[in-house]
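# Structure assessment
For reference, the chains in residue letters:
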Amino acid sequence: MAKTWISMYLPPNINPAQASIAYGSRALPKLNEELQSDDLQTRQKALMALCDLMHDPEHVYVAIDIGCLESLRTLLKDTNHVVRIKTTEVLSIMATHNVGRDGFLKHNIILVLSHLLNDPQPACRQNLHLAFKHLSQVPSGAKGIVYSGLIPSLVRKLHREEDSIQAILLDTLAACLQEDATEALNSRVVPFLKEKLLSPNDTIRCKAARTLIAVSIPLEGKKQMWRYDVIPLLVHLLQDSVEEVKANAAGALMYATVTTEGKYAALDAEAIQPLLGLLLSPLQKARLNAIKALTMLAEAPEGRRMLKANVHNFRALERDPSEAVQRAARVAIKVIEWKP
C-alpha cells in the first residue's frame, strides 16, 4: 500500500536566495517594498528576483513607473557589497532597454552610479561600466555621460582597471567621443590609448584603435595623433594577427592623415605597402578604411607617385561586392591619376 512521505528537501528549481514573486500586477510593487526593507536578506532576495524580471522591457517600464529607480539609487550606497553588486547588475540589465536608458537620464542615475567608480568590488565596477556602455549606445545616453563630466574620470580608469573592465570602458569611450571628444583630449586620452595599442590582449588593441577613430574626428584629435607619435604604431598594427585590429588601425589612419603632418608621418612610417595589403582583406571594413587612408596619402605628391603603379589594385575593387568599397575605389583612382 502506498504511503505518504514528507521530504526534508526543497522542491526542485527553487532558489532560496531569491524572493518569492507576488502574482500579476502586485509582483513589482511588492519587490519595491522589499528593496526598502531594513532586513539585509530581504533586500538581497528582492534584488535577485529583480535581476530576472528586468530582462523584460515591460517590467522595466513598470519598475520605473512605481519608483524602483529611487529605491535602487539608495541601495547603491548600501554598506553590504552583495547589495551593491546586485543593484548595479539590475541597473546594467535595465540599461539594455530603451525605456531603461530613458529612465536613467530622467532620474539622473549616471552621477549616482559614478560614485562607485572606485568601489573595492570588481564585480560592482564591471556592472557599472556595463550600464554605461549600454547607455552610450544611443546618442542621448552618450551625451548624458559626456555632459555629466565623467569623461576625464573614465579616461584615467584606463590606467587602473583590469583588462575585462578596460574592454567595456573602451566601448563607452568610443561611443561618447563621437559626440564630443573635447574633455577626453584635454585629459590626455591619446597617450593613454597609445599605450593600449601595445597591449598583448587582442580585444584591448582592437578597441583602443577603434576609440582612436572617434578621437581623430575633430581637428585637435588629428593634431594630437601626430604630436604624440601614434601614427607609426597604427602603421605597425596594419600587420597585426587580428583582422579587426588591422581594420580599426586603418580607420584611425584614415582620419589622422587628413592633415599634412599626418600624411607625412604615415609616409615616413611606410604605411602604403601594408595598406595596399589590406585591400585584399576578407573584412569589408578593412578594405574600405584602407582605400580611404590611401586616398588621403595620394593627396601628397610623394604618396601619389608611389600609388600610380598600383592603380590596378583599385580598379579590381570597382567590382567589389560592397557598393561603398566600389565608390571609394573610384574616388581613389581619380585622386591618384589627378594631374596638376
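Residues numbered from 1 in each chain as written. Predicted model: local features only at pLDDT ≥ 70, side-chain atom pairs only at ≥ 80, totals over all residues. Heavy atoms only, no water.

When you go through the chain residue by residue, the secondary structure sums to 23 helices and zero strands. Rg of the C-alpha trace for the chain: 26 Å, well past the compact-globule value of 20 Å for 340 residues, more than 25% over. Counting only C-alpha atoms, the chain reaches 95 × 55 × 35 Å along its principal axes. Within the chain, the proportion of its 340 residues that are buried is 53%. (Helix = DSSP H or I, 4+ residues; strand = E, 2+ residues; numbered from the N terminus. Rg over C-alpha atoms; globule rule 2.2 N^0.38 Å. Buried < 20%, exposed > 50% of the residue type's maximum accessible area, 1.4 Å probe, protein only.)

Right, let's get into the UniProt feature "repeat: ARM" (unreviewed entry) in the chain. On the UniProt side, "repeat: ARM" (unreviewed entry) is annotated at positions that read residues 229-271 here. Regarding residues 229-271, the helix share stands at 70% and the strand share at 0%, and the terminal C-alpha atoms are separated by 14 Å. (UniProt positions renumbered as here; feature names shortened; annotations may be inferred.)

Here we come to the environment of Gly303. Here Gly303 lies in helix α21 (residues 301-307). A C-alpha to C-alpha distance of 8.6 Å links Gly303 and Lys263, two positions 40 residues apart in sequence.

As a further point, take the packing of helix α8 (residues 122-136) against helix α11 (residues 163-179). Between α8 and α11, the least distance of the axes is 9 Å, while the angle of their chain directions is 25 degrees. By the angle between their axes, α8 is roughly parallel relative to α11. Of the two elements, α8 crosses α11, and the hand of that crossing is left-handed. For the pair α8 and α11, contact is made by Pro122, Arg125, Gln126, His129, Leu130, Phe132, Lys133 and Ser136 and by Ser164, Ile165, Ile168, Leu169, Asp171, Thr172, Ala175 and Cys176, respectively. For the contact of α8 with α11, the class distribution of residues is eight nonpolar, five polar and three charged. (Axes fitted to C-alpha atoms, helices over the stretch in contact; angles between N-to-C directions. Parallel < 35°, antiparallel > 145°, perpendicular 65-115°, else oblique. Left-handed = near helix turned anticlockwise from the far one by under 90°. Contact = heavy atoms within 4.5 Å. Nonpolar A, V, L, I, M, F, W, Y, C, P; charged D, E, K, R; others polar.)

This next bit is on the side chain of Thr259. Within the element layout of this structure, Thr259 appears in the loop between α17 (243-256) and α18 (260-268). Non-local contacts of Thr259, meaning those with residues more than four positions away in its chain, are made with Leu219 and Lys222.

A few words now on α8. When the terminal C-alpha atoms of α8 are compared, their 21 Å separation across 15 residues agrees well with the 21 Å that a helix rising 1.5 Å per residue should span. Of all the residues in α8, the buried ones are Cys124, Arg125, Asn127, Leu128, His129, Ala131, Phe132, Leu135 and Ser136. As for α8, its buried residues are in contact with α5 (81-94), α6 (98-106), α7 (109-114), α9 (139-147), α10 (151-160) and α11. (Expected span 1.5 Å × (residues − 1).)

Right, let's talk about the environment of Thr42 for a bit. Here Thr42 shows up in helix α2 (residues 40-53). Put simply, Thr42 and Leu31 are 11 residues apart on the chain and 9.4 Å apart in space, counted from C-alpha to C-alpha. Not counting the four nearest positions on each side in its chain, Thr42 is found in contact with Glu34 and Ser37. Looking at Thr42, its side chain comes within polar contact range of the side chain of Asp39, at 2.7 Å. (Polar contact = N/O pair within 3.5 Å; in protein donor to acceptor, adjacent residues only side chain to side chain.)

Below, the discussion takes up unusual backbone geometry. One non-glycine residue, Asn108, lies in the positive phi region at around 55 degrees. Positionally, Asn108 belongs in the loop between α6 and α7. Backbone geometry places Arg188, a non-glycine residue, at a positive phi of 65 degrees. Judged by relative accessible area, which is 45%, Arg188 ranks as partly exposed.

Now for the nonpolar core. By size, the foremost hydrophobic cluster in this structure holds 112 residues, and its most contacted members are Met54, Met94, Ile151 and Phe314. Sequence-distant contacts of Met94, that is, excluding residues within four places in its chain, are made with Met54, Val60, Ile64, Leu69, Leu72, Gly100, Arg101 and Phe104. (Core = buried A, V, L, I, M, F, W, Y, C linked by side-chain atoms within 4.5 Å.)

So, on to the UniProt feature "domain: Condensin complex subunit 1 C-terminal" (unreviewed entry) in the chain. Mapped onto this structure's residue numbering, the UniProt feature "domain: Condensin complex subunit 1 C-terminal" (unreviewed entry) falls at residues 69-194. Along residues 69-194, the helical share is 78% and the strand share 0%, with 38 Å between the first and last C-alpha atoms.

With that settled, consider the side chain of Arg304. Structurally, Arg304 can be placed in helix α21. Of the buried charged residues, Arg304 lacks a salt bridge, with Glu299 as the closest side chain of opposite charge at 7.6 Å. Among residues more than four places away in sequence, those in contact with Arg304 are Leu297, Ala298, Glu299, Val335, Ile336 and Trp338. (Lys, Arg positive; Asp, Glu negative; His and termini not counted. Salt bridge = Lys/Arg side-chain N within 4 Å of Asp/Glu carboxyl O.)

Helix packing geometry: the angle between the two helix axes and the distance between the axes. It is the contact of α9 with α11, at a shortest axis distance of 9 Å, that shows an interaxial angle of 90 degrees. In terms of orientation, α9 and α11 fall into the roughly perpendicular class. Judged by residue contacts, Pro139, Ala142, Lys143, Ile145 and Val146 of α9 engage Thr172, Ala175, Cys176 and Glu179 from α11. Partitioning the contact of α9 with α11 into residue classes produces six nonpolar, one polar and two charged.

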